[in-house]
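A look at the structure
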Amino acid sequence: EPLSLQKIRELGVFAQDAVTLGKLTLAGGGRYAQIYEYQRYAGSTQTDYTSYAFLPSASALLKINESASLFADYAQSYRPNIFATGLGVNLKFVGPILPQQGTGYEGGIKGHLLDGRLDYELEAFLLHFNNLVVEGGSNAAGQPQLVNAGSELFRGLEWESRYRLWHDLQLAASASYHSARFASYDVADADSPTGRDDFSGRQQALSPRTLASAGLL
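Residues numbered from 1 in each chain as written. Predicted model: local features only at pLDDT ≥ 70, side-chain atom pairs only at ≥ 80, totals over all residues. Heavy atoms only, no water.

1. Some details on a nonpolar patch on the surface
- Together, Leu-165, Trp-166, Leu-169, Leu-171 and Leu-216 make up an exposed nonpolar region whose accessible area comes to about 510 Å².
- Elements that contribute at least two residues to the nonpolar patch include exactly β9 (151-166) and β10 (169-184).
- You can see Leu-169 is positioned in strand β10. (Patch = residues over 30% accessible without salt bridge, like charges linked within 9 Å, V, L, I, M, F, W, Y side chains within 5 Å. Areas by Shrake-Rupley, 256 points an atom, 1.4 Å probe, with all protein chains shown as cover. Salt bridge = Lys/Arg side-chain N within 4 Å of Asp/Glu carboxyl O. Helix = DSSP H or I, 4+ residues; strand = E, 2+ residues; numbered from the N terminus.)

Here it is in structure tokens:
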């Protein structure tokens, strides 16, 4: 018997349409999905779960001139968390782990400069996640476990660019600033005077604030 067995099957329908009004292009759509999940750990009962989600999206693109455009996007996301039950295949099911749901917004400007040799994109984004999964200490059996963490705000700025050096040789560079904080998250804490430890407003652990990269393509 295998130590663990996990399966996932997803069926979905997607539709999208766009309309152009002069320099403005508007697009909208949605995706409806049925997600079936199954898991079994050695020495544990099996678990299966079916979830349904409708995920709308919308975008707008405004052409300022031949070399620059403004853009904005909106989308919802859904991530089942039935498999996020522990930190190893030998752990028993410690759920239920609620599905992660998110809403995202982004907007910015993109285009090209220097007679088309430099392509760039600058954007700001805001993501709001509910039921984020984080490490949650130990369960009653003393085993490490994962738990839902209320909600999180993930926001920041990103810059991406490519400069054509010679023929197809390009120099690519990017930089970003991120702020990932818990919007609402509190856990039981026997050592706290209130019996709870409130992480709301705190930076999420292991989340870098700045990232940068460069390379040749």
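2. With respect to the pairing of strand β6 (residues 118-130)
- Examined bridge by bridge, strand β5 (residues 100-113) and β6 share 13 bridges and lie antiparallel to one another. Along β6, the bridge assignment pairs Gly-102 with Phe-129.
- If you look at the hairpin formed by β5 and β6, you'll find four residues sitting between the two strands, and Leu-114 has a positive phi there, around 55°.
- In the sheet, β6 pairs with β9 via 13 bridges, with the strands oriented antiparallel. Bridge pairing in β9 links Glu-121 to Glu-160. (Pairing = 2+ DSSP bridges.)

3. A word on the confidence of the model for the chain
- Averaged over all residues, the pLDDT of the chain equals 84, while 82% of them reach at least 70.
- The model gives residues 85-94 a pLDDT under 50, and that stretch makes 33 contacts with residues more than four places away or in other chains. (pLDDT = per-residue confidence, 0-100. Contact = heavy atoms within 4.5 Å.)

4. Here's the deal with the pattern of salt bridges
- What the rule picks out here adds up to two salt bridges.
- Glu-10 is the partner of Arg-31 in a salt bridge, and the nearest nitrogen-oxygen pair spans 1.9 Å. Here Arg-31, found in strand β2 (residues 24-41), pairs with Glu-10, found in strand β1 (residues 4-21); they are 21 residues apart in sequence, far enough to count as distant.
- In this structure Arg-31 comes out as partly exposed when scored by relative accessible area, which is 30%.
- A salt bridge links Glu-66 to Lys-63; the shortest N-O distance between them is 3.4 Å. (Buried < 20%, exposed > 50% of the residue type's maximum accessible area, 1.4 Å probe, protein only.)

5. Quick look at the packing of aromatic side chains
- If you walk through the whole model with that rule in mind, you get six aromatic pairs.
- Relative to Tyr-105, the ring of Tyr-74 has its centre 5.4 Å away and its plane inclined at 45°; by these criteria the two rings are tilted. Placement of Tyr-74 in strand β4 (residues 68-79) and of Tyr-105 in strand β5 is noted, with a sequence separation of 31 residues between them.
- Residue class for Tyr-74 comes out partly exposed when judged on its relative accessible area of 25%.
- For Tyr-105, a relative accessible area of 44% translates into the label partly exposed.
- Measuring from centroid to centroid gives 5.0 Å for Phe-182 and Tyr-185, while their planes differ by 45°, and the two rings are tilted.
- Judged by its relative accessible area of 10%, Tyr-185 falls in the buried class.
- Each member of the aromatic cluster is reached from another via a ring pair, and the members are Phe-182, Tyr-185 and Phe-199.
- Its guanidinium or amino end placed over the ring of Phe-71, Lys-110 lies 5.4 Å from that ring's centre, counting from NZ or CZ.
- The ring of Phe-199 carries the charged tip of Arg-202 above its face, separated from the ring centre by 4.6 Å. (Phe/Tyr/Trp six-rings, centres within 6.5 Å; stacked < 30°, edge-to-face > 60°. Lys NZ or Arg CZ within 6 Å of the ring centre and 35° of its normal.)

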